[in-house]
Structures are given as structure tokens and as C-alpha cells.
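Close look at the chain arrangement
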Amino acid sequence: IPYLRPTSAMFLVIDLRKFLTGTTWEDEKILFEKLCNECRIVLTPGRDCHFRKPGYFRCCYAYCKPQALRIAFERFEKVFIQKVKY
């Protein structure tokens, strides 16, 4: 998953544009709901962070055990990565 390198924050910005069904903020909202409902992962949508383009999400790891992050991305992989052909 592409991401922007954090410089001093307790979060990083990940690029999930290739998982959008289109290029609108509504498409980002649909992806956000899928992350919440199917993966049980809560990421902050880019629109809420005032990003310029849909598809970027903020992943906060400030109060999270490393094991929890691993589990979250395993859930993500089950729902998304296995369905996408590279």
C-alpha cells in the first residue's frame, strides 16, 4: 500500500485510490464504509483531513499495539488485496 512518509506525527497517510470504485468523495465514503463494515477498521477519510483528492486515508497508530495493526491489515488483505489483480 503506498503511503506518505510521516515526519513527526503519530499517523501516516495511506493511498487507497486504487480501491475506489470511481474518483469522487462519494466513492471514498463507500470505501470508508466497506473498511468499517467488512474489515472492522476505522481510518480517517481524506475528506475529513481536507486532502485535495479522494482515496487517501489517515492511519493513526498513536494508541495501538503493533499486534493490532498487523491484525487490521490482515483483515484489509482478506477483503481487498486478494480481490485485486495487479
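Everything in this summary refers to the structure shown in the same document. Just so we're clear, the structure is a prediction, and the values are computed from it rather than from any experiment. (Residues numbered from 1 in each chain as written. Predicted model: local features only at pLDDT ≥ 70, side-chain atom pairs only at ≥ 80, totals over all residues. Heavy atoms only, no water.)

Should their charged atoms come close, side chains of opposite charge can pair. Applying the stated criterion across every chain yields a total of 2 salt bridges. One salt bridge connects R17 with D15, and the closest N-O pair in it is separated by 2.7 Å. The salt bridge partner of R70 is E74, with a shortest N-O separation of 3.1 Å. One end of the pair is R70 and the other is E74, both in helix α2 (residues 66-79) and 4 residues apart, which spans about a single turn. Overall, E74 belongs to the partly exposed group, its relative accessible area being 37%. (Salt bridge = Lys/Arg side-chain N within 4 Å of Asp/Glu carboxyl O. Helix = DSSP H or I, 4+ residues; strand = E, 2+ residues; numbered from the N terminus. Buried < 20%, exposed > 50% of the residue type's maximum accessible area, 1.4 Å probe, protein only.)

For α2, with 14 residues, the first-to-last C-alpha span of 21 Å sits near the 20 Å given by 1.5 Å per residue. Every buried residue of α2 is accounted for by A72, F76 and V79. Each buried residue of α2 lies within a common arc of 70° when the element is viewed along its axis, so the set occupies one face. Of the exposed residues in α2, the ones pointing more than 90 degrees away from its buried face are P66 and K78. Turning to α2, the residues buried within the fold contact α1 (25-39). (Expected span 1.5 Å × (residues − 1). Arc of directions from axis to C-beta. Contact = heavy atoms within 4.5 Å.)

To continue, consider the packing of aromatic side chains. The tally for this structure, following the rule as stated, stands at 5 aromatic pairs. Seen from their ring centres, F51 and Y56 are 6.4 Å apart, and the 80° between their planes marks the pair as edge-to-face. A relative accessible area of 25% places F51 in the partly exposed class. Assessed through its relative accessible area of 18%, Y56 is described here as buried. Taken together, F19, F73, F76 and F80 form an aromatic cluster joined through their ring pairs. (Phe/Tyr/Trp six-rings, centres within 6.5 Å; stacked < 30°, edge-to-face > 60°.)

Take unusual backbone geometry next. Non-glycine residue R40 carries a positive phi angle of around 60°. Note on placement: R40 falls in the loop between α1 and β3 (44-45). Notably, H50 is not glycine yet its phi reads approximately 65°, a positive angle. Topologically, H50 is positioned in the loop between β3 and β4 (56-60).

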